[in-house]
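Structure at a glance
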Amino acid sequence: MTKELWKGNEALAEAALRAGLEAYFGYPITPQTELLEYLAKKMLATGRAFVQAESEVAAINMVYGAASTGARVMSSSSSPGMSLMQEGLSYIAGSQVPVVLVDIMRGGPGLGNIAPSQSDYFQLTKGGGHGDYRPIVLAPASVQEAADLMYGAFDLADKYRYIVIIAADGNIGQMMEPIEMPPQRRLEKKDRGWELTGAAGRPHRLISSIYLQSEALHQFNMHLQAKHRQIEQNEVRYEEYLLDDAEYAVVAFGSAARAAHSAVRWARAKNIRAGLFRPISLYPFPHAQLTALAQRVRALLVVEMNTGQMLEDVRLAVAERVPIQFYGVTGGLVPFADDVLPEIEKLTRLDNGAS
Amino acid sequence: MLNEHMQTVFDYPDALTPGVTHYCPGCTHGIIHRLIAETIDELGIREKTIGVAPVGCSVFIYNYLDTDFAEAAHGRAPAMATGIKRTLPDRIVFTYQGDGDLAAIGTAEIIHAAARGENLTVIFANNAIYGMTGGQMAPTTLPGMRTTSSPSGRDVEVQGWPLKMSELLAQMPGASYIARRSVHDPGNINKTKKAIKTAFQVQLHQAGFAMVEVLSSCPTNWNVSPKDALTFIKEQMLPYYPLGDYKIGDAIKTLV
Ligand SMILES: Cc1ncc(C[n+]2csc(CCOP(=O)(O)OP(=O)(O)O)c2C)c(N)n1
């Protein structure tokens, strides 16, 4: 297979098409817009459902409607737009229809700016809207990984009848890298017993998130929790780099992990036994793997493009077994390897001081 | 002998599920549901119809109509219906919405569905009040009308003017059929039925957006008897919300 040069946003769009995307509803917002524009060109030309909605509120509810018919459907946005979609996401989770979203994260709060950020971590991984639900959240660190995760996202959403969000920061959306684009898939459509198609020769169906009786809503929430436990068991994804003999581990996701990767290499050149742990699934978070890691290393460094959001999950997993340091930049500032290296060096001093 | 000359003139519609509704005595949501059911039967579209329910008193409409249904978030029914219709263009998709749902929280969604000329049928029950939440002021509450959130009557200087959605949506080139009807007496019920049928036929002809606004009663939250509620529609609502056809697009001139 030959490699081609793709821009992150367009690679995501093309991978979605090749995975059998049938419908798209979205609203322009930087740094995500190329994704919408790419799909406008491709989908309108082939008669597939594409609507530029009047807002992200409308877009996510169009997605909700299309998903209720069993269609492969997605939307994409960036942080302020994701905030607007939270109402719809809560309803989608509450009625268990499969939906895929892409969030090309930018700086907040408020209008913030259009530069790369990872500050939607809380909003995406903890539910975001009202109620006890959590979407599956996958964070690519390269354009190739973005395309691959996108390609598999619809099957994952179908498998659990749930929301899958590809959470990439503006760097991944905007950068160009050589990648292998996965092949076009042919989808076979069959009735799965819940989608709305018109009650022809069968009892009518309902897609709804209402459970008026307390006991019934409790039962439904227990069902969602069981789904979460299954997802936590089956869908944890992460990458390890030089961790086998590591004394110090950096934990980072998305493009922050790229800087951390180089910093770890440089640390090794300085005879510091450093390694990198990169969560790919932010929910389900690789909790057990980090707990195990904390038993092997002397200290951890968390690097993020926010003020310490994943840090809280790392702390939960590590439970004070080893010291955890944090290095974060915001506002569109990007951590570079030469920012991260001194932070790794600090870990070694911290460790000496403690012993 | 008698049987030969007997003819069924009134029957329970197939598309209406058996049983009682949860509506208060004198509420007209049930009448409007029935008119939709009769229309679905007459057009033979029950097996290809998908409804979108609102948030409001009629949230449980899906229990009363024997078609597939989706339950939307408050005000988002036109967006959800757009998503359904765009993926299943050969199905008949309709929303049923109250005035809070359609004219307050969902104003953007209804205007843009009309502006896009979505092939949707919208049945808009305007009872000038928030029924489900216990009688607060609605975007359609009449000037001077008392509600729990306008206790001394709606003061237009403070609380603004009620929205006339039929007049507003009729401006849109994408809107093909916009009509306002009422269900306060049998004659008007028959006219409402005809308009609802037309609104579904517009969609069968893929002629764009169709909406019937139906002036509807809420005796419980208006604090009047069921009978007085019908009088209130006639005497108070009709002057502010005149009945009529607000838009009959060229493509459907032969339908009406
Ligand atoms: C986002 C949101 N805000 C508020 C509510 C509370 N709420 C439920 S129904 C309703 C108003 C319904 O009024 P209307 O649409 O006029 O319908 P009716 O009940 O009068 O038939 C409100 C405000 C809600 N469910 N969701």
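Every chain is numbered on its own, with residues counted from 1 as its sequence reads. Following the order in which they are written, the chains are lettered starting with A and the ligands numbered starting with 1. Whole-chain, interface and lining totals are the exception, using all residues; otherwise, since this is a predicted model, local features are given only for residues with pLDDT of at least 70 and side-chain atom pairs are given and counted only at 80 or more. Calculation of side-chain values draws on the structure's entire complement of heavy atoms; hydrogens and water are dropped beforehand.

Burial classification: accessible surface area is computed with a 1.4 Å probe over protein chains only, and a residue below 20% of its type maximum counts as buried, one above 50% as exposed, and the rest as partly exposed. By definition, any uninterrupted DSSP run of H or I lasting at least four residues is a helix, any uninterrupted run of E lasting at least two residues is a strand, and each is numbered from the N terminus. Counting buried residues in helix H4 (residues 77-87) of chain B gives 10 out of 11 residues, a clear majority hidden from the surface. Along H4(B), the residues classified as buried are B:Ala77, B:Pro78, B:Ala79, B:Met80, B:Ala81, B:Thr82, B:Gly83, B:Ile84, B:Lys85 and B:Thr87.

For the rest of this paragraph, the subject is the interface of chain A and chain B. In this assembly, 34 residues from chain A lie in contact with 33 residues from chain B. Roughly 2500 Å² of surface becomes buried between chain A and chain B when both sides are summed, with 62% attributable to carbon and sulfur atoms. Whenever Lys or Arg places a side-chain nitrogen within 4 Å of a carboxyl oxygen from Asp or Glu, that contact is recorded as a salt bridge. Here chain A and chain B share three salt bridges between them. For B:Arg76, the salt bridge goes to A:Glu87, with nearest N and O atoms at 2.9 Å. Two N or O atoms count as a polar contact when they lie within 3.5 Å, although within protein this holds only if one can serve as hydrogen donor and the other as acceptor, and sequence-adjacent residues are included solely when both atoms are side-chain atoms. In this assembly, chain A and chain B are joined by 14 residue pairs in polar contact (both at pLDDT 80 or more). Contacts are assigned to residue pairs that have any heavy atoms within 4.5 Å of one another. As a working definition, buried area equals the accessible area (1.4 Å probe) given up by two parts on being put together, with both sides summed.

All names here are of chain B. A single heavy atom is enough: if one lies within 4 Å of a molecule or strand, its residue is considered near that molecule or strand. Neighbouring the ligand are 16 residues, the closest being Cys-57, Asp-99, Gly-100, Asp-101 and Gly-131. Separating an oxygen atom of the ligand from a side-chain N or O atom of Asn-127 is a distance of 3.0 Å. Between an oxygen atom of the ligand and a main-chain N or O atom of Gly-131, the distance comes to 2.8 Å. Elements represented by at least two residues in the shell around the ligand include exactly helix H5 (99-105) and strand S5 (129-130). Considering every element that reaches the shell around the ligand, the biggest residue donor is H5, with four residues. Looking at the shell around the ligand residue by residue, the class counts come to six nonpolar, eight polar and two charged. Basically, the charged four are Asp, Glu, Lys and Arg, the nonpolar ten are Ala, Val, Leu, Ile, Met, Phe, Trp, Tyr, Cys and Pro, and anything else, Gly included, counts as polar.

What follows deals with the domain arrangement of chain A. Residue and element names in this part refer to chain A. Start and end positions for the domains come from either an automated domain assignment or a database one. Domain annotation of chain A identifies domain 1 (4-182 + 210-234) and domain 2 (239-351). Averaged C-alpha coordinates put domain 1 and domain 2 at centres separated by 27 Å. The interface of domain 1 with domain 2 comprises 31 residues on the first partner and 24 residues on the second. When the area that domain 1 buries against domain 2 is broken down by residue, the three leading residues are Gln-118, Tyr-121 and Phe-122, summing to 31%. Remark: the boundary between domain 1 and domain 2 carries three salt bridges. The partner of Arg-278 in a salt bridge is Glu-145, and the shortest N-O contact between them spans 2.8 Å. If you look at where domain 1 meets domain 2, you find 19 residue pairs in polar contact (both at pLDDT 80 or more). Secondary structure elements with two or more residues in the side of domain 1 that touches domain 2: helix H5 (121-125), strand S6 (136-138), helix H6 (143-160), helix H7 (170-174) and helix H8 (214-234). Considering only residue class, the side of domain 1 that touches domain 2 consists of 16 nonpolar, eight polar and seven charged.

Time to look at the packing of helix H2 (residues 29-43) of chain B against helix H9 (residues 186-204) of chain B. Residue and element names in this part refer to chain B. Their axes nearest at 9 Å, the elements H2 and H9 cross at an angle of 50 degrees. With respect to H9, the axis of H2 lies oblique. Every pair of crossing elements has a handedness; the one defined by H2 and H9 is right-handed. Residues Ile-31, Ile-32, Leu-35, Ile-36, Glu-38, Thr-39, Glu-42 and Leu-43 of H2 form the contact with H9, whose own contacting residues are Ile-189, Thr-192, Lys-193, Ile-196, Lys-197, Phe-200, Gln-201 and Leu-204. Residue composition of the contact of H2 with H9, grouped by class: nine nonpolar, three polar and four charged. Orientation is described by axes fitted as lines to C-alpha atoms, over the contacting stretch for helices, and by angles from 0 to 180 degrees between their N-to-C directions. Any angle that falls under 35 degrees is termed roughly parallel, while one over 145 is termed roughly antiparallel, one within 65 to 115 roughly perpendicular, and all others oblique. By convention, the crossing between two helices is left-handed when the near helix turns anticlockwise from the far helix through less than a right angle, and right-handed when the turn is clockwise.

The next subject is the sheet that holds strand S5 (residues 99-105) of chain A. Residues and elements named next belong to chain A. Judged by pairing direction, the sheet is mixed, and its seven strands sit side by side in the order S3-S2-S4-S5-S7-S6-S13 without closing on themselves. Either end of the sheet is taken by a strand with one partner, and the two such strands are strand S3 (49-52) and strand S13 (281-283). Each neighbouring strand pair of the sheet contributes to a mean axis angle of 20 degrees, computed without reference to strand direction. Think of it this way: DSSP has to see at least two bridges between two strands before they count as a pair. When strand S4 (residues 73-77) meets S5, the two strands line up parallel, connected through four bridges. Bridging from a neighbouring strand, Met-74 pairs with Val-100 of S5. Across the sheet, helix H3 (residues 56-68) touches strand S2 (23-26), S3, S4 and S5, and the angle it forms with S4 is around 165 degrees.

So, on to unusual backbone geometry. What you tend to see is this: most non-glycine residues have negative phi, and most peptide bonds are trans. A cis amide bond links A:Thr30 to the next residue, A:Pro31, at an omega of 5 degrees. Here the bond from A:Tyr283 into A:Pro284 is cis, since omega is 0 degrees, no more than 30 degrees from zero. Checked against the element boundaries, A:Pro284 lands in the loop between S13 and helix H10 (287-296). Although it is not a glycine, B:Ala128 adopts a positive phi angle of roughly 60 degrees. Inspection of the secondary structure assignment puts B:Ala128 in the loop between strand S4 (121-126) and S5. The phi dihedral of B:Gln206 is positive, around 50 degrees, even though this residue is not glycine. Mapped onto the elements, B:Gln206 comes out in the loop between H9 and strand S8 (209-215). Accessibility expressed as a relative area gives 56% for B:Gln206, which makes it exposed.

Turning our eyes to something else, we now look at the nonpolar core. Of all hydrophobic cores here, the largest spans 114 residues; its most connected members are A:Leu39, A:Met74, A:Met150, A:Leu300 and A:Val314. Here this core gets 11 residues from one element, more than from any other, and that element is H6(A). Of the residues that make up this core, three or more belong to each of domain 1 (4-182 + 210-234) and domain 2 (239-351) of chain A. Among all residues touching A:Met150, those that are not within four sequence positions of it are A:Leu12, A:Ala15, A:Ala16, A:Met74, A:Val100, A:Val102 and A:Ile166. The nonpolar core is taken to be a set of buried Ala, Val, Leu, Ile, Met, Phe, Trp, Tyr and Cys residues, with the residues joined through side-chain atoms within 4.5 Å. B:Ile45, B:Val59, B:Val202 and B:Ile252 belong to the second-largest nonpolar core, a separate cluster that totals 36 residues.

So, about the pattern of salt bridges. Scanning the entire structure with this criterion turns up 38 salt bridges over all chains. Put simply, A:Arg192 and A:Glu195 hold a salt bridge, and the shortest N to O gap is 3.4 Å. Classification of A:Glu195 by relative accessible area gives buried; the value is 4%. Where B:Glu118 meets B:Arg86, a salt bridge forms, and the shortest distance between an N and an O atom there is 2.9 Å. You can see B:Glu118 sitting in the loop between helix H6 (107-115) and S4 and its partner B:Arg86 sitting in helix H4, a full 32 residues away along the chain. Of the residues examined, B:Glu118 reaches a relative accessible area of 2% and is grouped as buried. In the salt-bridge network here, residues are joined through shared partners; they are A:Arg72, A:Asp155, A:Asp158, A:Arg185, A:Asp191, A:Arg192, A:Glu195 and A:Arg205.

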